[in-house]
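Chain by chain, the residues run as shown.
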Amino acid sequence: KQSYPTLVETLGSPIILKSNYGSRGDGVYLIHNQKELDHTLGQINGDYILQEFVASSYGKDIRVHVIGGKIVASVLRSSDHDFRSNFSQGGRAEQIELTPEMIAISLAAAEAMNLQIAGIDLLISDHGVLLCEINGIPGFRTVWLTSKTNIPQEIFHFLTSIKKE
């Protein structure tokens with residue numbers, strides 16, 4: 001059994017709990033106490049990860065799409081009503097220009113996981129840019145709705161260029 005007070009010593013409070021099998025914001029919980037932790041652990045099936053809650057990034061994150069070692073699109077995702085910024089959870093998205101730090105972190109994250117197609121989620125904290133999550137099968141609806149970037153086409157071009165080499 002996980003002890004909330006023990007987790008708080010390491011992660012602070014509240015705590016983010018993510019089911020390893022969630023997607024689009026499902027399976028992501030903001031835990032404030034032992035009762036919520038016990039209830040949530042009783043509801044999820046399988047493994048999970050615990051993460052520090054970054055208050056300055058409440059309802060906001062940046063999704064960076066990396067294909068073949070290049071950034072092809074980026075969006076700022078945000079929500080006024082939820083700590084999760086996912087579009088499928090009612091959030092919204094808009095294009096964002098990345099800083100050099102965001103670019104470096106995103107490219108390094110995809111490379112570290114040896115992913116040729118990746119969605120890198122970044123958080124903005126009081127201490128700078130933080131890597132939140134690396135997605136090996138990223139959704140791209142927010143890019144589709146906010147830009148002229150065609151992610152499936154970008155993936156196709158990348159895959160066909162590999163075959164030619």
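The rules behind the values
Residues numbered from 1 in each chain as written. Predicted model: local features only at pLDDT ≥ 70, side-chain atom pairs only at ≥ 80, totals over all residues. Heavy atoms only, no water. Buried < 20%, exposed > 50% of the residue type's maximum accessible area, 1.4 Å probe, protein only. Helix = DSSP H or I, 4+ residues; strand = E, 2+ residues; numbered from the N terminus. Arc of directions from axis to C-beta. Contact = heavy atoms within 4.5 Å.

**Quick look at helix α1 (residues 4–11)**
And step 1. Restricting attention to buried positions, one finds in α1 the residues Tyr-4, Leu-7 and Leu-11. All buried residues of α1 project into a common sector of 60 degrees when viewed along the axis, lining one side. Residues of α1 that are exposed and point over 90 degrees away from its buried face: Pro-5 and Glu-9.
And step 2. The secondary structure elements touched by the buried residues of α1 are β1 (15–19), β2 (28–31), α2 (34–43) and β3 (48–52).
And step 3. The first or second residue beyond α1 is Gly-12, which carries a positive phi of 80 degrees.

**Regarding the side chain of Asn-135**
And step 1. Within the secondary structure, Asn-135 sits in strand β8 (residues 128–135).
And step 2. With residues up to four places along the chain from it excluded, the contact list for Asn-135 reads Arg-63, Leu-115, Ile-117, Ala-118, Gly-119 and Asp-121.

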